[in-house]
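# Fold and contact review
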Amino acid sequence: MREIIFDTETTGFDPRSGDRLVEIGCVELVDRRETGVTFHAYFNPERDMPAAAEAVHGLSIQFLSDKPLFATRVDELMEFLGDAPLVAHNAAFDFGFVNAELARAGRPALDMTRMCCTVQMARKLHPGAKHSLDALCTRYGIDRSHRVKHGALLDAELLAHLYIEMTGGRQIGLGLAASGASITVSNAAAPAASRGADRPFREPRPHMASAAELARHAEFVAGLNQPLWLDTV
């Protein structure tokens, strides 16, 4: 199964009021494992950069002025996304900006049924807790010490680690059943288990202490000076 974890940086909060997409970072997962394949691009927003937005991601209009327009790289982006599910943190925000840019480029919008939101996942897993990317990385022990400012590719990479942890971790094949009394093994482990049927039967090893061992233990205990488990008062 192929999934794309992605994040965006923008000039503000609302594409309907003229805010634009300035950066996108995408990380490919296959069977919930990072493949090392990514897509990253900066875009010229064709407008100013508000100081509040620049303080978050550090992208100035001077830096972005020579970057391509979104429409210039839209084909590369769409080819990379393919038809994979798209995972983002507060995904409605990111989908809104990407779809606004797609509309400007005369392209169809991303299907919202492809959207997977890790904020919604976190609210179900940890009701009442903080659900920011920073807070969740701390909860799951994900190192974010190199994150000084927001960055689309960096945040997508952190989110990929977080998404894997939130969906069962890297050992998803093993998990406790709902009753807590049994262990479920993934189908991937079934061939190895089935090979056990061909092994020769061996009698179980003795696991109880012998009479001689019990006698030696009693002799040892008798020589202890006021053991804690005896009432010495």
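Residues numbered from 1 in each chain as written. Predicted model: local features only at pLDDT ≥ 70, side-chain atom pairs only at ≥ 80, totals over all residues. Heavy atoms only, no water.

Bringing unusual backbone geometry into the picture now. The residue Asp31 is not glycine, and still its phi comes out positive at about 55°. Examined against the element boundaries, Asp31 turns out to sit in the loop between strand 2 (21–30) and strand 3 (33–42). The class of Asp31 is exposed, set by a relative accessible area of 52%. Despite not being glycine, Glu46 shows a phi value in the positive range, around 60°. Mapped onto the elements, Glu46 comes out in the loop between strand 3 and helix 1 (51–57). Given a relative accessible area of 54%, Glu46 falls into the exposed group. (Helix = DSSP H or I, 4+ residues; strand = E, 2+ residues; numbered from the N terminus. Buried < 20%, exposed > 50% of the residue type's maximum accessible area, 1.4 Å probe, protein only.)

Let us now look at the state of the cysteines. Under the counting rule described, the total for this entry stands at 0 disulfides. We note that Cys117 lacks a disulfide partner, and the nearest cysteine sulfur, in Cys116, lies 7.5 Å from it. Here Cys117 falls in the buried class, since its relative accessible area comes to 8%. (Disulfide = S-S within 2.5 Å.)

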